[in-house]
Amino acid sequence: MYLIVIAWMYVVLMMSVAEATHSSGTLLGALMTFVLYGVGPVALVVYLMGAPSRRKAIKAREAAEAAEATTLMPSSFEPDAGSHAAGGAKTVALDAGITPMRKEP
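In what follows, the accompanying structure is described. Because the structure is a prediction, the values reported are computed rather than measured.

## Observations concerning the overall build of the protein
Scanning the protein from terminus to terminus reveals four helices and zero strands. If you list the helices and strands of the protein from N to C, you get α-α-α-α. Among the 105 residues that make up the protein, the fraction classed as buried is 9%. Across the protein, the fraction of contacts at a sequence separation of at least 24, relative to all contacts at a separation of at least 6, is 39%. Carbon and sulfur atoms form 69% of the exposed surface of the protein, whose accessible area is close to 9,100 Å².

Here it is as structure tokens:
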């Protein structure tokens, strides 16, 4: 794919040189030719053609992170499947800043 990009950039460079050296051509016209016919479209095509490989790399990285997370997390850190509160009332009552029940005014 990069061979096509290099070849197209060569063609656009030659178009820009022809524009700049022509008797009615200008350097601004040559620069616009190079940017609008060469750099812009080539950057877009390279970005779009690289999307599948970026997607594969992201999926591989996510799979590696998921595999690492499952190997590092012991069974004691797994969530509780019970229907009771996680800390329980005793844990909340032992904290000095939190009252276990609301006091009536």
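Moving on from the coordinates now.
## Regarding the packing of helix α1 (residues 2-21) against helix α2 (residues 27-49)
The geometry of α1 relative to α2 is characterised by a closest axis approach of 7 Å and an angle of 170 degrees between their N-to-C directions. By the angle class used here, α1 and α2 are roughly antiparallel. The handedness of the crossing between α1 and α2 is right-handed. Contact with α1, carried on its side by V5, W8, M9, V12, L13, M15, S16, E19 and A20, involves L27, G29, A30, T33, F34, Y37, G38, V39, V42 and V46 of α2 and no other residues of that element. Looking at the contact of α1 with α2 residue by residue, the class counts come to 14 nonpolar, four polar and one charged.

## What to know about α1
Taking 1.5 Å of rise per residue, 20 residues should cover 28 Å, and α1 covers 28 Å from first to last C-alpha, within 8% of that figure. Burial in α1 covers these residues: V5, V12 and S16. Taken end-on, α1 shows its buried residues confined to a sector of 45 degrees, consistent with a single buried face. Across from the buried face of α1, at angles greater than 90 degrees, the exposed residues are L3, I6, Y10 and T21. The inward-facing, buried residues of α1 abut α2.

## Notes on α2
Residues that lie three or four places apart on an α-helix share one face, since the helix turns once every 3.6 residues. An ideal rise of 1.5 Å per residue puts 33 Å on 23 residues; α2 measures up with 32 Å between its terminal C-alpha atoms. A maximum bend of about 35 degrees is found in α2 at V35. For α2, the complete set of buried residues consists of G29, A30, T33, G38 and V42. Tucked into the core, α2 has its buried residues touching α1.

## Focus: the packing of aromatic side chains
Any aromatic ring pair is given by two values, namely how distant the centres are and how the planes are angled relative to each other. Taken as a whole and judged by the stated rule, the model has zero aromatic pairs. Above the face of the Y47 ring, R54 is positioned so that its terminal group lies 4.2 Å from the ring centre.

## Concerning the side chain of T33
For T33, the position within the fold is in helix α2. Within the local environment of T33, its side chain forms a polar contact with the backbone oxygen of G29, the two atoms lying 2.8 Å apart.

## A short note on the environment of V11
In this fold, V11 is placed in helix α1. Distance from V11 to G38, taken between C-alpha atoms, is 8.6 Å for residues 27 residues apart in sequence.

How each quantity is defined
The residue numbers shown here count from 1 along each chain, following its written sequence. The predicted nature of this model means local features are confined to residues of pLDDT at least 70 and side-chain atom pairs, given and counted, to a pLDDT of 80 or more, with totals for whole chains, interfaces and linings taken over all residues. Side-chain calculation: all heavy atoms of the structure are included, whereas hydrogens and water are not. Secondary structure elements follow DSSP: runs of H or I no shorter than four residues count as helices, runs of E no shorter than two count as strands, and numbering proceeds from the N terminus. Residue exposure (1.4 Å probe, protein chains only): buried if accessible area is under 20% of the type maximum, exposed if over 50%, otherwise partly exposed. Contacts between residues were defined by any pair of non-hydrogen atoms, one from each residue, lying within 4.5 Å. For accessible areas, the Shrake-Rupley method is used with a probe of radius 1.4 Å. Any residue's cover is judged against the shown protein chains and nothing else. Angles here are taken between N-to-C directions and fall from 0 to 180 degrees, while the axes themselves are lines fitted to C-alpha atoms, restricted in helices to the stretch in contact. Convention used here: angles under 35 degrees read as roughly parallel, angles over 145 as roughly antiparallel, angles from 65 to 115 as roughly perpendicular, and any remaining angle as oblique. Crossings are sorted by hand: turned counterclockwise from the far helix by less than a right angle, the near helix makes the crossing left-handed, and turned clockwise it makes it right-handed. For this classification, the nonpolar set comprises Ala, Val, Leu, Ile, Met, Phe, Trp, Tyr, Cys and Pro, the charged set comprises Asp, Glu, Lys and Arg, and every other residue, Gly included, is treated as polar. Residue count minus one, scaled by 1.5 Å, sets the expected span of a helix. The arc refers to the directions leading from the helix axis to the C-beta atoms. Fitting axes to the seven residues that end at a residue and to the seven that start at it, the angle between those axes gives the bend at that residue. Centres within 6.5 Å are what make two rings of Phe, Tyr or Trp a pair, Trp counting through its six-membered ring; a difference in plane orientation under 30 degrees is then read as stacked, over 60 as edge-to-face, and the rest as tilted. Sitting over a ring, as applied to charges here, requires NZ of Lys or CZ of Arg to be within 6 Å of the ring centre and within 35 degrees of the ring normal. Contacts described as polar in this section are N or O atom pairs within 3.5 Å, which, within protein, must combine one atom able to donate a hydrogen with one able to accept it, while residues neighboring in sequence count only if both atoms come from side chains.

Distances and angles like these do not, on their own, reveal function.
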